[in-house]
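Working through the structure, step by step
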Amino acid sequence: MADFAQTLMTTLAVGSLYALIALGYTMVYGILKFINFAHSDIVVLGAWISFTLTRWLFPAVGLDAHNPDSPAPPLWLGASILIAAVVACSLIGFVIERFAYRPLRKAPRLNVLITAIGVSLLLQNLGQLSFMFGPSPQKMPALLSNVELWRLSLPSSGGARNVVIGLVDVMIVGTSAVLMIALEFLVFRTKIGTAMRAVSYDLEASALMGIPVDRIISYTFMLGSALAAAAGFLYALKYPGLNQPAHTTWVLLGLKAFVAAVIGGIGNVRGAVLGGFVIAAVEQFGAYYLSSSYRDVYVFALLIAILLVRPSGLLGSTVREKV
Amino acid sequence: MRKPNPDTPFDSPTPPRERGLLGTLANSAWPILLGIALAAALHYFWPLGPGWLYYKKVVLDVGIAIILAVSLNIVNGMTGQFSLGHAAFLAIGGYTSGIVTYYGSILLWKSTDLHGGVLGPGAWLFVFACLLGALVATAAGYVVGLPSLRLRGDYLAIVTLGFGEILRVVLQQTNPILSPDQLDSSSLKNWLPPPVGGAVGFNGLPTYTTLFWVYVFVALMLVVAFRLKRSSLGRAMISVREDEFAAQAMGVHVARVKVMAFMIAAFFAGLAGGLFAHESGLILRPLDAGFLRSLDYVIMTVLGGRGSISGVVLAATLLTVLPEYLRDFDQYRLIVYSLLLIGMMLLRPQGLFGIHEIWDWRPRWFTRKPQTRSPSNEKRGAA
Amino acid sequence: MTNVSTANRTAPNQASPTLLAVEGIGIRFGGLKAVDGFSINLPRRGLYGLIGPNGAGKTTVFNLLTGVYQTQAGRIFLDSRNLVGLKAHQVVAAGIARTFQNIRLFPGLNVLDNVQLAGQLHAREGLASTLLRTRRYAHEESEIRRKAFELLGLFGLQERCLEPATSLSYGHQRHLEIVRALAANPKVLLLDEPAAGLNSQEKLELAKSIRHIRDTFDLAILLIEHDMGLVMDICEQITVLDHGEVIAHGTPHEIQNDPKVIAAYLGADAATV
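All residue numbers here refer to positions counted from 1 along the written sequence of the relevant chain. The lettering of chains begins at A and the numbering of ligands begins at 1, in the order of writing. Reporting in this predicted model follows two pLDDT cut-offs: at least 70 for local features of residues, and 80 or more for side-chain atom pairs to be given and counted; totals over whole chains, interfaces and linings ignore these cut-offs and use all residues. Where side-chain values are given, they derive from all heavy atoms of the structure, hydrogens and water being excluded.

Observations regarding the interface of chain B and chain A
The interface of chain B with chain A comprises 37 residues on the first partner and 45 residues on the second. In total, about 3800 Å² of surface goes out of reach between chain B and chain A, with carbon and sulfur atoms giving 78% of it. Secondary structure counts use DSSP, requiring at least four H or I residues in a row for a helix and at least two E residues in a row for a strand, with both numbered from the N terminus. When contributions to the side of chain B that touches chain A are tallied by element, the ones reaching two or more residues are helix H5 (153-172), helix H12 (291-304) and helix H14 (330-347) of chain B. Top element by residues in the side of chain B that touches chain A is H5(B). It accounts for 12 residues. Class assignment for the residues of the side of chain B that touches chain A results in 27 nonpolar, four polar and six charged. Note on contacts: a residue pair qualifies if any of its non-hydrogen atoms lie within 4.5 Å across the two residues. Accessible area that two parts lose when put together, with a 1.4 Å probe and added across both, is what the buried area reports. For this classification, Asp, Glu, Lys and Arg are treated as charged, while Ala, Val, Leu, Ile, Met, Phe, Trp, Tyr, Cys and Pro are nonpolar and the rest, including Gly, are polar.

Structure, rendered in structure tokens:
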């Protein structure tokens, strides 16, 4: 019982990260119908920009990351770093779309996919240059001390055990929830959101109806990148040992989030959130109850199963190809 | 070589003469015999000396890259399916053949040293191992090909990518390699999962990979690729690439063609895996099954051109040789690759040679006639 | 399984003049009845037309007949062989070939290869003989090539056989589509708007060619066409489709005077005027 509760808590935290990243995949796919391979690299950039800013700002506000007795950083520091990372990544997302994807708007989808892989490789390896983030892993200073919020005593196989719910997990779930509700509002309640849905439904018809398609697509990329940056920031909070930008853990993180988008039904905003939590549950419970070495295998096995049984995902609708 | 003649685009339809098994073999086997001769020449006339040893390694690497890129091109270029998991077949072939040569050598000769030269007993064990690896990879190709029946484009890319990543994770969980002494006292626990080195990689394999064997297999690959391209099956593959729906309406069994493409490609990737595993100075690691290595070969096919065999051979050669000269710039290698990919897609998405072979290309002023090859002289490429 | 066997028993027998017997086929997409209860009996050497306003479901009928869509009701027999449940490539092998309304040639194959692709349908040599280049394989390939080349002669495309298919003029591409379908050696040829985009001179020649093809290859032809002049000129029987249902069937003369047909084309009011 205690194990279950602990795993559930991790699932919620990790699931909201996956959901945030999956939203970016799903929005771009919904509109442009291609997998934005470079999306996971925006997450990486979000995490590393957060790291770089933290390292600069810590001395500026009189903190020492290497001294364990140093006082806990104020909350506004974390918030402003989050906002800075979000703004920076939105701009990068805008630039990528403008210069790499927009010229290929009419090209076969495969070409766009290959370009996206190219952009992904480029971001990874630029990030790894020594004058950028460098080719070695770094330790993110704690922006948030992991205060124990609740301690529950639950029965377990070896007697009662304590389940600790920490501030970091709650912060991750809370921040993600706020962002997701904001996105939901934006997509379903505002003019821009309506335009986005129209473009995703039929790009050419929307253009004929006077919707500024290019601008809407830019917004979509910036929005997706913003969420990815937030996810990167939160990821760095949860897992402070940051791998170098081209490390495979990042590729896997992006892939799993993409799998979440597919499982929820690609193009479907609510599906992406659902998919994020499903993936996290499969991964975390599989890791805990079966074997943790194969956690990635469970996710991909689920992906292949879903694609073969219900290619449109859990919440997606089947689209008949016109012949 | 006959000149292309539009009036008679086909060989005169003579009824098949009975030429007997030997005659047929002689007729169909000459390109491969030529390939064996060239490979042998390369092997035996390769100069000695330390400097040449280095070039030899580069030439070996080029040969292996050619096999992998040309085989991937059968799936990605000719059939138009987008696989991002080609390295998985390399790993399957490499690990399978490694198990055979490593543990086979210990069983046969009580050590993992080399036994015999190019045609010695050890080399035959090695060739058997490579073929077995290729067959296991073919079976995997069948399994990976199945999703291609239901999924298109990027979805298929993700599934093949996922396959490679799963394999990588599984390979990381394998047992440590058993030395000859440990072999006798080993229990089932050491064998499940197989003792192929886990995350460290499968090292200590006998280094049977020589210029001769690499280029014999390169010749085999090229003969198969060119014969496939100008055959009913090749046409069917191209039709699936261009318009799956119309292909079906013309009687092409699309499912069969796709799975066949995956299986043929996997066979040769498995073969190349065997060569890769036994090359001196290389260690087969779980990472070799993963996405990044697959990407190397994808880039070669994209650069060479979708379906252009000679273009892909050229791209594989260039992209293997150039990094050797740019060793100091290793951190920039992938940046150059990525810029190449993006630039190609923006400026010349069909690749350097598109669907044409290098020799199809001539300056436009060279002749007024369109330069397409006559169907009757397709053998030219095979040699 | 029992359904199929009863269906087989009631199938028209070999001696009947009907080659393609279609009875009550239909398909819905979601709630929309795209085609409902479509029937037609196409005799040997028959040349029938299928007309109807845009969106009436004509091409969907072709897609049902060729196995692209699986019919949700009814029966399809070709020479008393049940075609329901066959996949698209199996239907071609059974003897129904088609052309496409929006030309769908393979741009990466040359003119000859486009035709050979359909011609290799009945090829029997497998992968091993392909790769080994056996004598039998070479012979089979050159047979396919010879037949494809001969067929190109129908529309005088022989001298352009090595050019990329998409370098042909629009009219020639339409011709190539027909040649390609013929190469599959069909018993029934389905032509989807073969005259679309042709000028009046070309249309006249096409009409002649279609008759010629029917006679030389001993085929039954069903064609969809918007050009009424062409349809009325060459078709023996015409079926009119509107909103997925057959509203009329008869000779060109009967169709021209059918009030329901006029209403479908000109709107409901026109019929009463």
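So, the side chain of C:Thr99
Residue and element names in this part refer to chain C. Along the chain, the position of threonine 99 falls in the loop between strand S6 (96-98) and helix H4 (111-119). In this scheme, a residue with accessible area under 20% of its type's maximum is buried, one over 50% is exposed, and one in between is partly exposed, where area comes from a 1.4 Å probe on protein chains only. Since its relative accessible area comes to 3%, threonine 99 is described here as buried. From its side chain, threonine 99 meets the backbone nitrogen of aspartate 192 in a polar contact 3.1 Å long. Threonine 99 has contacts with Glu177, Ile178, Ala181, Leu190, Leu191 and Asp192, leaving out every residue within four places of it along the chain. Polar contacts, as counted here, are pairs of nitrogen or oxygen atoms within 3.5 Å of one another; within protein the pair requires one atom able to donate a hydrogen and one able to accept it, and residues that are adjacent in sequence qualify only if both atoms are side-chain atoms.

Description of the domain arrangement of chain C
Residue and element names in this part refer to chain C. Reported domain spans reflect what an automatic or database domain assignment gives. Under the domain assignment used here, chain C contains domain 1 (2-95 + 186-272) and domain 2 (108-184). A separation of 27 Å is found between the C-alpha centroids of domain 1 and domain 2. At the interface, 17 residues of domain 1 touch 13 residues of domain 2. Taken over both partners, the interface formed by domain 1 and domain 2 buries close to 1200 Å², and the fraction arising from carbon and sulfur atoms is 79%. In terms of surface lost to domain 2, no three residues of domain 1 exceed Pro186, Ile213 and Phe217, which account for 31% of the buried area on that side. Salt bridges are defined as contacts in which a side-chain nitrogen from Lys or Arg sits within 4 Å of a carboxyl oxygen from Asp or Glu. Seen at the junction of domain 1 and domain 2, the total is zero salt bridges. In this assembly, domain 1 and domain 2 are joined by two residue pairs in polar contact (both at pLDDT 80 or more). Counting only elements with at least two residues in the side of domain 1 that touches domain 2, the list comes to helix H3 (88-94), strand S7 (188-192) and helix H8 (200-217). Top element by residues in the side of domain 1 that touches domain 2 is H8. It accounts for five residues. The class makeup of the residues in the side of domain 1 that touches domain 2 is 12 nonpolar, three polar and two charged.

Thoughts on the packing of aromatic side chains
Pairing of aromatic rings covers Phe, Tyr and Trp, the last counted by its six-membered ring, and requires centre-to-centre distances within 6.5 Å; plane angles under 30 degrees mean stacked, over 60 mean edge-to-face, and any other angle means tilted. Counted by the stated rule, this structure contains 26 aromatic pairs over all chains. For the pair A:Tyr235 and A:Tyr239, a centre-to-centre distance of 5.0 Å together with 50° between the ring planes defines the contact as tilted. An aromatic cluster of at least three residues, connected via ring pairs, comprises B:Tyr95, B:Tyr102, B:Tyr103, B:Trp191 and B:Phe202. Whether a charge lies above a ring is judged from NZ of Lys or CZ of Arg, which has to be within 6 Å of the ring centre and within 35 degrees of the ring normal. Between the NZ or CZ atom of A:Arg98 and the centre of the ring of A:Phe99, over which it lies, the distance is 5.5 Å. The cationic tip of C:Arg104 hangs over the ring face of C:Phe100; the distance from NZ or CZ to the ring centre is 5.6 Å.

Some thoughts on the pattern of salt bridges
Counted under the stated rule, the structure contains 33 salt bridges over all chains. For A:Asp214, the salt bridge identified is with A:Arg105, shortest N-O distance 2.7 Å. Placement of A:Asp214 in helix H8 (residues 213-238) and of A:Arg105 in the loop between helix H3 (75-101) and helix H4 (109-127) is noted, with a sequence separation of 109 residues between them. On the basis of relative accessibility, which here comes to 36%, the residue A:Asp214 falls in the partly exposed class. By relative accessible area, A:Arg105 is classed as partly exposed at 25%. Linking C:Glu143 and C:Arg146 is a salt bridge whose minimum nitrogen-to-oxygen distance equals 2.9 Å. Remark: C:Arg146 and C:Glu143 occur in helix H6 (residues 135-152); sequence separation between them is three residues, near one turn of the helix.

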